[in-house]
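Breakdown of the fold
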Amino acid sequence: MALLNIVTYPDPLLRKKSRPVTGITPRILQLLDDMRDTLHKAQGVGLAAVQVGVLRRIVIVETEPGQLYEMINPEILSKSKKTQINNEGCLSVPDKWGQTERAMTVKVRYTDRNGKEQTLNAEGFLAQAIQHELDHLEGIIFTDVAIHMLTEEELNGD
Ligand code: NI
C-alpha cells in the first residue's frame, strides 16, 4: 500500500490538461493501486491522476463503497439535458463546498485496467462524480463551475 500526496489549490499543476495514456504499463497499474489507497485514506469519492501529480488521463470513482471504477482515457459520449443541483467538494480544495448544476445522467467510455473498452451509463451521484473528475483532466476545478459557493454560515447552519 502506498499513499500519494494530494496536490492542493492553488498549485498550478491543477490547471494543466492531462495527456492520454498510451499503454497500460506496470507503472500505470501501480498508479491505479496507489490512487485507490490514497482515495480510501482521504475518504473521498473520486480522484484524478493530476491530483497526485501525474498528468495522465486517469480517474477513479467510488461513490458506493466497494464499487470502484478505474477509468483510463475516459470520454463523455453524451449527457442528459436534465440536470441535478448538489453540494460538491474536492480533495484538492480542502474545506470548501459549492453547489453545482451537472447533467443527471452521462454515458462515458473508457479503458479499464485490463485494456478493455467499457461503456457506462451513470446517473445521480455517480454521474456527478464522473463529471467532476473528468473536469480535472481539462484543468477545471469545481469552484470554476459552481453556481454558488457555500458560506461559513451555510456550512455551519442547521
Ligand atoms: Ni476534485
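Look above for the structure.
Described below are features of the structure shown in this document. (Residues numbered from 1 in each chain as written. Predicted model: local features only at pLDDT ≥ 70, side-chain atom pairs only at ≥ 80, totals over all residues. Heavy atoms only, no water.)

In this section: the overall build of the chain. What the chain contains, in helices and strands, is four helices and eight strands. Along the chain, helices (α) and strands (β) appear in the sequence α-β-β-β-β-β-β-β-α-α-β-α when read from the amino end. Computed over C-alpha atoms, the radius of gyration of the chain comes to 15 Å, within 12% of the 15 Å expected from 2.2 N^0.38 for 158 residues, which places it in the range of a compact globule. Summarising its shape, the C-alpha atoms of the chain cover approximately 45 × 35 × 30 Å along the three principal directions. Split into buried and exposed, the 158 residues of the chain put 42% on the buried side. Within the chain, residue pairs in contact and separated by at least 24 positions form 65% of the contacts whose partners lie at least 6 positions apart. Across the chain, 18 positive and 22 negative side-chain charges occur, with their mean positions spaced 9 Å apart. (Helix = DSSP H or I, 4+ residues; strand = E, 2+ residues; numbered from the N terminus. Rg over C-alpha atoms; globule rule 2.2 N^0.38 Å. Buried < 20%, exposed > 50% of the residue type's maximum accessible area, 1.4 Å probe, protein only. Contact = heavy atoms within 4.5 Å. Lys, Arg positive; Asp, Glu negative; His and termini not counted. Charge placed at Lys NZ, Arg CZ, Asp CG, Glu CD.)

Moving on: the coordination of the nickel ion. Taken together, Cys90 (SG), His132 (NE2) and His136 (NE2) make up the protein donors of the nickel ion, found 2.1 to 2.2 Å from the metal. Ordering the donors of the nickel ion by residue number gives the pattern C-x41-H-x3-H. You can see Cys90 sitting in strand E4 (residues 83–90) and its partner His136 sitting in helix H2 (residues 124–137), a full 46 residues away along the chain. Overall, the relative accessible area of 1% leaves His136 in the buried class. (Donors = N, O, S within 2.8 Å, 3.2 Å for Na, K, Ca; no water.)

Turning our attention to the sheet that holds strand E3 (residues 67–79). Each strand in a sheet pairs with its neighbour through backbone hydrogen bonds, running either in the same direction (parallel) or in the opposite one (antiparallel). Strands sit in the order E1-E2-E3-E6-E7 across an open sheet of five strands; the sheet is antiparallel. This sheet does not close on itself; its edge strands, each paired only once, are strand E1 (46–48) and strand E7 (117–123). Adjacent strand axes in the sheet meet at a mean angle of 40°, parallel and antiparallel pairs treated alike. The sheet contact formed by E1 and strand E2 (residues 58–64) spans three bridges and is antiparallel. Bridge pairing links Leu47 to Ile60 in E2. Packed on one face of the sheet, H2 meets E1, E2, E3, strand E6 (105–111) and E7 and runs near 160° to E2. (Pairing = 2+ DSSP bridges. Axes fitted to C-alpha atoms, helices over the stretch in contact; angles between N-to-C directions.)

What follows is about the sheet that holds strand E5 (residues 93–103). Read across the sheet, three strands follow the order E4-E5-E8 without closing on themselves; strand pairing throughout is antiparallel. A strand with exactly one partner marks an edge of an open sheet, and here the two such strands are E4 and strand E8 (148–149). By the bridge criterion, seven bridges tie E4 to E5 in an arrangement that is antiparallel. Within the sheet, the bridge partner assigned to Glu88 lies in E5 and is Gly98. Together, E4 and E5 form the strand contacts of H2, whose direction differs from that of E4 by roughly 55°.

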